[in-house]
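These are the residues of each chain, in order.
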Amino acid sequence: MAQHHKSISVLASSSTENGAYNRSIDGSSFKVSLNDAIHIPETAKNITLSVTKAVIWNSSPNFKLNNNQIYIKGPDVNDLDIEEVITLPVGLYDVTMFKSALLAELLNLGFKQSPTPILDITANYATSKLSFTLNYTSVEFSFIAGVTNPMNEILGYDLATYTTTTAPFIVTAPNVAKFNQLNSILVISNLCDNGFAINRTESNICAQILIDVPPGSQIIYEPFNPTQVEASNLQGRYLKEFNCQITDEKLVPIDTNSEDYTVLFKISYTV
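Residues numbered from 1 in each chain as written. Predicted model: local features only at pLDDT ≥ 70, side-chain atom pairs only at ≥ 80, totals over all residues. Heavy atoms only, no water.

### A few points about the overall build of the chain
Inference 1: Of the regular secondary structure elements, the chain holds 2 helices and 17 strands.
Inference 2: Computed over its C-alpha atoms, the radius of gyration of the chain comes to 25 Å, more than 25% above the 18 Å expected for a compact globule of 271 residues.
Inference 3: Taken over the C-alpha atoms alone, the chain extends approximately 90 × 35 × 25 Å along its principal axes.
Inference 4: The buried share among the 271 residues of the chain stands at 42%.
Inference 5: By sequence separation, contacts in the chain at least 24 residues apart represent 68% of the contacts at least 6 residues apart.
Inference 6: Working note: accessible area of the chain is about 14200 Å², and carbon and sulfur atoms make up 49% of it.
Inference 7: Across the chain, 16 positive and 26 negative side-chain charges occur, with their mean positions spaced 9 Å apart. (Helix = DSSP H or I, 4+ residues; strand = E, 2+ residues; numbered from the N terminus. Rg over C-alpha atoms; globule rule 2.2 N^0.38 Å. Buried < 20%, exposed > 50% of the residue type's maximum accessible area, 1.4 Å probe, protein only. Contact = heavy atoms within 4.5 Å. Areas by Shrake-Rupley, 256 points an atom, 1.4 Å probe, with all protein chains shown as cover. Lys, Arg positive; Asp, Glu negative; His and termini not counted. Charge placed at Lys NZ, Arg CZ, Asp CG, Glu CD.)

See the structure below:
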């Protein structure tokens, strides 16, 4: 008897306006309830699941409420030393965005701007390290002076205070910067019981999505040949609801920063 190949596609959206429910506070997980249950016949064989398309915003914050503060001391516009603990808004920053945001805060707080701002920030992409250039002798920055949520780790600096007696003076971070808190996205669903395994850890991972766009842009995952995972658990079932989640490569749920995302699942089988 000839075998027939069949497939069913289901678009899952994390938008509550589109019917998602039990959505987590961070937006990473949600449930889908179908009006008409999907039936996979008892006679179905070679049942597989794949992610044929996903649209996810690259907006997961790297500067969060627990790592967004730095202490700055230096001359103001009248050459009098002032000091401030600067708190950056929670968000996803690359080095250029971070530099712009920090220098804007220094400007707004009245730190000296002429003939040059009190500090500058440069990145050495060969070593993946940051450098702070202190342009006046009274300038210092710290991650311990009145700072409760220091950003030192993401910048590559130790939990310390950095000063100078000569100017300009370059303070290079001793450690590699960690702006890329998120390297890839894993799509997880109970549509499959035996998805990808991470080394020795088994899980129901359906797809790995690489981040190939700048911060604030849409990741559009549409592989030419999507990877299929075994989904024999669906055999004979009437599928009425299922869940969906996105995590990082350590299986830590991703904070979507209130953005919605969609995943197009494809169930394939032969009868």
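### What to know about the sheet that holds strand S2 (residues 29-39)
Inference 1: If you trace the 5 strands from one edge of the open sheet to the other, you get S2-S16-S11-S13-S12, paired in antiparallel fashion. Whereas interior strands pair on both sides, the edge strands pair on one side only; in this sheet they are S2 and strand S12 (196-198). Neighbour to neighbour, the strand axes of the sheet diverge by 45 degrees on average, direction disregarded.
Inference 2: Sheet analysis places S12 next to strand S13 (residues 201-210), joined by 3 bridges and oriented antiparallel. Considered in S13, the bridge of Ile 198 is made with Thr 201. (Pairing = 2+ DSSP bridges. Axes fitted to C-alpha atoms, helices over the stretch in contact; angles between N-to-C directions.)

### What about unusual backbone geometry?
Inference 1: A cis geometry characterises the amide bond from Ser 114 onward to Pro 115, with omega recorded as 5 degrees.
Inference 2: Locating Pro 115 in the fold gives a position in the loop between helix H1 (95-108) and strand S6 (119-124).
Inference 3: Cis geometry is adopted by the peptide bond preceding Pro 168, which originates at Ala 167 and carries an omega value of -5 degrees.
Inference 4: Among the structural elements, Pro 168 can be located in the loop between strand S9 (161-162) and strand S10 (169-172).
Inference 5: With phi around 55 degrees, Asn 22 is a residue other than glycine that occupies positive phi space.
Inference 6: Among the structural elements, Asn 22 can be located in the loop between strand S1 (5-13) and S2.

### Brief notes about the nonpolar core
Inference 1: In terms of nonpolar packing, the biggest core is built from 37 residues, with Leu 49, Val 51, Val 187 and Phe 265 touching the most fellow members.
Inference 2: Among the elements of the structure, S1, S2, strand S3 (45-57), strand S11 (184-189), S13, strand S14 (218-221), strand S16 (238-247) and strand S17 (262-270) are those that each provide at least two residues to this core.
Inference 3: A per-element tally of this core places S3 first, with 5 residues.
Inference 4: Setting aside its immediate chain neighbours within four residues, Val 51 contacts Val 187, Cys 206, Ala 207, Tyr 221, Pro 223, Pro 226, Val 263, Leu 264 and Phe 265.
Inference 5: Within the second largest apolar cluster, 30 residues are counted, among which are Tyr 93, Phe 141, Val 171 and Ala 177. (Core = buried A, V, L, I, M, F, W, Y, C linked by side-chain atoms within 4.5 Å.)

### Side note on the pairing of strand S4 (residues 69-75)
Inference 1: Most of S4 sits out of view: 6 of its 7 residues are buried.
Inference 2: As paired elements, S4 and strand S5 (residues 81-87) share 7 bridges and run antiparallel to each other. Counterpart to Gly 74 in the pairing with S5 is Ile 82.
Inference 3: Between S4 and S5, which pair antiparallel one after the other, the connecting turn spans 5 residues, and Asp 79 there sits at a positive phi close to 65 degrees.
Inference 4: As judged from the 3 bridges shared by S4 and strand S8 (residues 140-142), these two strands associate in the antiparallel manner. For Ile 72, the partnering residue across the bridge sits in S8 and is Phe 141.

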